[in-house]
Amino acid sequence: MQKEKKKELLRMVKFALFSISAGLIEMVSFTLLNELSAWSYWPCYLTALVLSVLWNFTLNRKFTFQSAGNVPVAMLKVAAFYVVFTPASTLLGSFLAQTLFWNEYLVTILNMLLNFVLEYLYQRYFVFRRTIDTGKGSKTAG
């Protein structure tokens, strides 16, 4: 039991580290688009979000969840998450930034934190639930 807890803690740490790297990609791309284009909040946020999601999914599938499961199926499951999360967070962000005049960077950071928590739970307990530790690098893989 203790071994499983340590393994899950390590999985959470890996997810957090990869999410930080994805967050950096999101913030840098958001900043560049926000500062160097004439775009409003939502296209900047949406473009940055897509870039970070692709990065995060790729690293977490291979290294965090070590899944040998069907990649297109896993990607579709993650896409389903973002079919809900993206419009909700884009509308919320746009409302906060353009209607209530909250700072765009604060809004983006809040969306990133919400995304971090929800995405971990979704990937851990839905996307990779049955295929965790089935990849080549996994000690439990056959």
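Description of the structure in this document. All residue numbers refer to positions counted from 1 along the written sequence of the respective chain. pLDDT decides what is reported in this predicted model: residues at 70 or higher carry local features, side-chain atom pairs at 80 or more are listed and counted, and totals for whole chains, interfaces and linings draw on all residues regardless. To get the side-chain values, take all heavy atoms of the structure and skip hydrogens and water.

Per the convention used, a helix needs a DSSP run of H or I reaching at least four residues, while a strand needs a run of E reaching at least two, with both numbered from the N terminus. By the secondary structure assignment, T131 is in the segment after α4 (104-127). Taking the C-alpha atoms as reference points, T131 and G69, 62 residues apart in sequence, are found 5.6 Å from one another. Contacts are residue-level and defined by heavy atoms, with any inter-residue pair within 4.5 Å sufficient. Not counting chain neighbours up to four residues away, the residues in contact with T131 comprise F65, Q66, S67, A68 and G69. N or O atoms closer than or at 3.5 Å make up a polar contact, with two conditions inside protein: a donor-capable atom paired with an acceptor-capable one, and, for residues adjacent in sequence, both atoms drawn from side chains. Within the structure, the side chain of T131 is placed 2.7 Å from the side chain of S67, a separation counted as a polar contact.

Our next topic: unusual backbone geometry. Despite not being glycine, Q66 has its phi angle at roughly 45 degrees, a positive value. Structurally, Q66 is set in the loop between α2 (41-64) and α3 (71-99). If you check the backbone angles, F101 has positive phi at about 60 degrees while not being a glycine.

Moving on: the pattern of salt bridges. We define a salt bridge as a side-chain nitrogen of Lys or Arg found within 4 Å of a carboxyl oxygen belonging to Asp or Glu. For the coordinates displayed, the defined rule picks out 4 salt bridges. In this structure, the salt-bridge partner of R124 is E8, at a minimum N-O distance of 2.8 Å. Of this pair, R124 sits in helix α4 while E8 sits in helix α1 (residues 2-36); the two residues are 116 residues apart in sequence, bridging distant segments of the chain. For the pair R124 and E8, a shared accessibility class is recorded, and that class is buried. When salt bridges with common partners are traced through the structure, they connect K7, E8, R11, R124 and D133 into a single cluster. A 1.4 Å probe rolled over the protein chains alone gives each residue an accessible area, and that area as a share of the maximum for its type sets the label: buried under 20%, exposed over 50%, partly exposed in between.

Core analysis: the largest hydrophobic core is formed by 23 residues, its most contacted members being Y82 and F128. Elements supplying a minimum of two residues to this core: α1, α2, α3 and α4. In this view, Y82 contacts L49, V53, P87, N115 and E119; residues no more than four positions away in its chain are not counted. Take the buried residues of types Ala, Val, Leu, Ile, Met, Phe, Trp, Tyr and Cys, join any two whose side-chain atoms come within 4.5 Å, and each joined set is a nonpolar core.

Its 35 residues place the ends of α1 50 Å apart at the C-alpha level, agreeing with the 51 Å of an ideal helix rising 1.5 Å per residue. Of the residues making up α1, those classed as buried are E8, R11, F15, F18, S19, A22, G23, E26, M27, S29, F30 and N34. Looking at the buried residues of α1, the elements they touch are α2 and α4. By definition here, a helix of n residues has an expected span of 1.5 Å times n minus one.

Classification of ring pairs rests on two measures: the distance between centres of Phe, Tyr or Trp rings, Trp counted by its six-membered ring, which must be within 6.5 Å, and the angle between planes, read as stacked under 30 degrees, edge-to-face over 60 and tilted in between. Under the criterion given, the structure shown has 15 aromatic pairs. Here the aromatic rings of Y41 and Y45 are separated by 5.7 Å at their centres, their planes lie at 10 degrees, and the arrangement is stacked. Here the residue Y41 and the residue Y45 both occupy positions in helix α2, the gap between them amounting to 4 residues, near one helical turn. Given a relative accessible area of 3%, Y41 falls into the buried group. Y45 sits in the buried class, given a relative accessible area of 1%. Here a set of aromatic residues connected by ring pairs shows up, and it is made of F15, F57, F65, F116, Y120 and F128. Any Lys NZ or Arg CZ found within 6 Å of a ring centre and within 35 degrees of that ring's normal is scored as a charge over the ring. Over the face of the ring belonging to F63 we find K62, whose NZ or CZ atom lies 5.7 Å from the ring centre. A cation sits over an aromatic face here: K77 above F126, 5.1 Å from the ring centre.

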